[in-house]
Amino acid sequence: MAVRALDPRPIAKPVSDLRAMSTPTALFSPVRLDAVRGSGLTTGASLQRLDRAVRVVVAACGAPVAVALLIDDRTLHLATSHGLDEHERAAVTTLSIPLSRTIVARAVLGDEPVLLSNLRHDARYRADPLANAGMAAVLAVPLVVRGQAIGVLAACDRVPHQWDTEQRESLESLALLS
C-alpha cells in the first residue's frame, strides 16, 4: 500500500456520490458490508486476536493509544482499544460529521494509510471522532478481512507525533487479518 500525501480537497465524496462508486472498498459495497458483518471481530477468539493486535500497535508505534474501528454503512464501531479512558471511548463513536468524512472512511475508501501528525492544524478533521476524543496525531491503516477494508487499525497520540515508515509498515502488517 502506498502512502499518499493529504491534499486540501474534501476527504471523501458526499454520501450520494459514495453509493455510485464502483471501487471494491466503497462504504456501501455489498461485498464490503458482508465482510464487516461476517468478520466476527466484536466477539470471541476474533476479538481476542484483535485485542492482541491493538496492544502490539502501542508497542510498535510508541503511541499511548491504539484503536480498532469498524465502519459499516451507518456507524463507527469501536471493536477494541488500548489507552482510552471512558470519555475518550464515548467520543470516538459519537459522530458530529457525516460518516463518509471521517478519518476511518478516508482510510477505507482510499484503501491506504492515513498519516496525520497534527489534527489540530487540519480543519478537515477538527470534528472527527478521534479529534473529539482528544487525539492530536493518528496513523490509521485499513483493517482488511477477506480482501475487504472493513475499518481501521490506528495508532493515536494526544500530542502531535511524526509517524515513520517502520511504524506504518508494522501497522499495515497487523491490519491484514485474513
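Scroll up for the structure.
Residues numbered from 1 in each chain as written. Predicted model: local features only at pLDDT ≥ 70, side-chain atom pairs only at ≥ 80, totals over all residues. Heavy atoms only, no water.

## A few points about the sheet that holds strand S4 (residues 137–145)
- Read from one edge of the open sheet, 5 strands run S2-S1-S5-S4-S3, paired in antiparallel fashion. Looking at strand neighbours, the two that pair on one side only are strand S2 (76–82) and strand S3 (114–116), the edges of this open sheet. Between one strand and the next, the sheet's axes are offset by a mean angle of 20°, whatever the strand orientation.
- Of the pairings in the sheet, the one linking S3 to S4 comprises 3 bridges and is antiparallel in character. Residue pairing across strands places Leu116 opposite Val138, the latter belonging to S4.
- Along the sheet, helix H5 (residues 103–110) makes contact with strand S1 (65–71), S2, S3, S4 and strand S5 (148–157), crossing S5 at roughly 135°. (Pairing = 2+ DSSP bridges. Helix = DSSP H or I, 4+ residues; strand = E, 2+ residues; numbered from the N terminus. Axes fitted to C-alpha atoms, helices over the stretch in contact; angles between N-to-C directions. Contact = heavy atoms within 4.5 Å.)

## Some words on the environment of Leu143
- Within the element layout of this structure, Leu143 appears in strand S4.
- Taking the C-alpha atoms as reference, Leu143 lies 8.4 Å from Leu69; in sequence the two are 74 residues apart.

Treat this as a map of the structure, not an account of what it does.
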